[in-house]
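Observations on the three-dimensional arrangement
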Amino acid sequence: MKNYPGNVFMVVAPSGAGKSSLVNALLSEDSNIGLSISCTTRAPRPGETNNVHYSFLTTKEFEKLKNNNELLEWAKVHDNYYGTPKAYVQERVNNGQDILLEIDWQGATQVREQFPEVVDIFILPPSIEILKDRLQKRGQDSAEVIERRIRAAGEEIQHADECEYVIINDDFSVALQQLQQIVAVSRLRFACQAKRHEKLFHNYGILKA
């Protein structure tokens, strides 16, 4: 266990930009990051498992969490609610463990208010045309839903500059490498800060628990 708080990594992207694929690849190679499982009122997609990919809730269940202030963030996206349970994230960070949130730009704004040191990363598709092609090839949404997601993506992309880092997911292996480098640099930054603080206290004859 580290003697300083864990990192909160936040990956933001429009639907179809490859956010989930990059995150899954990162987590498969880095056991030191835990994924925060979001809750949602949308129906599971093919291959998705409850409490693994998402916690699938009814609208009534979701609103109860929201009204009780048990969500770190929440948003309504494409007529469905999405949110992040607060307790799990806070507990992990307090224990010096890293956690990663897959999130949309609305939720990202709320998270920054509670975790100012969050490491936020925006994943961009190479172009809107390529994004549309990816959504069509995914085969999970109707043409109407895809068009709605493309329109929403235009608005979401405008918020890319709110993140500290931006990755263009053109070549998957390159994008993954860049994501891993961001994680490594962020850990080094926090670790170096902690070591500097320890040295400072030691120089003044102060012992920190």
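Conventions we followed
Residues numbered from 1 in each chain as written. Predicted model: local features only at pLDDT ≥ 70, side-chain atom pairs only at ≥ 80, totals over all residues. Heavy atoms only, no water. Helix = DSSP H or I, 4+ residues; strand = E, 2+ residues; numbered from the N terminus. Buried < 20%, exposed > 50% of the residue type's maximum accessible area, 1.4 Å probe, protein only. Contact = heavy atoms within 4.5 Å. Areas by Shrake-Rupley, 256 points an atom, 1.4 Å probe, with all protein chains shown as cover. Pairing = 2+ DSSP bridges. Axes fitted to C-alpha atoms, helices over the stretch in contact; angles between N-to-C directions. Salt bridge = Lys/Arg side-chain N within 4 Å of Asp/Glu carboxyl O. UniProt positions renumbered as here; feature names shortened; annotations may be inferred. Parallel < 35°, antiparallel > 145°, perpendicular 65-115°, else oblique. Left-handed = near helix turned anticlockwise from the far one by under 90°. Nonpolar A, V, L, I, M, F, W, Y, C, P; charged D, E, K, R; others polar.

Details of the overall build of the protein
- Looking only at helices and strands, the protein features 7 helices and 9 strands.
- Split into buried and exposed, the 209 residues of the protein put 42% on the buried side.
- Nonlocal contacts in the protein, meaning residues at least 24 apart in sequence, comprise 68% of its contacts between residues at least 6 apart.
- Taken as a whole, the protein presents about 11,800 Å² of accessible surface, with 51% of it coming from carbon and sulfur.

What about the sheet that holds strand 8 (residues 119–124)?
- Strand order in the open sheet made by the 5 strands is 2-7-1-8-9, with parallel pairing throughout. If you trace the sheet from one side to the other, it starts and ends with strand 2 (33–35) and strand 9 (165–168), each paired once. For this sheet the average axis-to-axis angle between neighbouring strands, irrespective of direction, equals 25 degrees.
- Here strand 2 runs beside strand 7 (residues 98–103); their pairing, made up of 3 bridges, is parallel. Opposite I33, over in strand 7, you have D98 as the bridge partner.

Comments concerning the pattern of salt bridges
- Evaluation of the coordinates by the stated rule reveals 8 salt bridges.
- Between D30 and R187 there is a salt bridge, and its shortest N-O distance comes to 2.9 Å. Taken as a pair, D30 in the loop between helix 1 (19–29) and strand 2 and R187 in helix 7 (residues 172–203) lie far apart in primary sequence, 157 residues in all.
- The exposure class assigned to D30 is buried, which follows from its relative accessible area of 13%.
- A salt bridge links K132 to E147, with the nearest nitrogen and oxygen atoms 2.9 Å apart. Taken together, the positions of K132 in helix 5 (residues 128–138) and E147 in helix 6 (residues 143–157) put the pair 15 residues apart, joining distant regions of the chain.
- K132 sits in the partly exposed class, given a relative accessible area of 30%.
- The class of E147 is partly exposed, set by a relative accessible area of 32%.

Brief notes about the UniProt feature "binding site: ATP" (unreviewed entry) in the protein
- Feature annotation in UniProt assigns "binding site: ATP" (unreviewed entry) to the following positions: A13, P14, S15, G16, A17, G18, K19 and S20.
- Examined against the element boundaries, G16 turns out to sit in the loop between strand 1 (8–12) and helix 1.
- With respect to the helices and strands, the residue G18 is situated in the loop between strand 1 and helix 1.

Notes on the packing of helix 5 against helix 6
- It is at 10 Å that the axes of helix 5 and helix 6 come closest, and there the two elements cross at 140 degrees. Considering their axes alone, helix 5 and helix 6 lie oblique with respect to each other. For the crossing formed where helix 5 meets helix 6, the hand is right-handed. For the pair helix 5 and helix 6, contact is made by I128, L131, K132, L135, Q136 and R138 and by I146, E147, R149, I150, A153 and I157, respectively.
- By residue class, the composition of the contact of helix 5 with helix 6 is 7 nonpolar, 1 polar and 4 charged.

Topic: the sheet that holds strand 4 (residues 55–56)
- Strand order in this open sheet of 4 strands is 4-3-6-5, and the pairing throughout is mixed. Of all the strands in the sheet, just strand 4 and strand 5 (71–77) have a single pairing partner and so form its edges.
- Relative to strand 6 (residues 80–85), strand 5 runs antiparallel, the two being bridged by 6 bridges. Bridge pairing links V77 to N80 in strand 6.
- Along the sheet, helix 3 (residues 86–94) makes contact with strand 5 and strand 6, crossing strand 6 at roughly 30 degrees.

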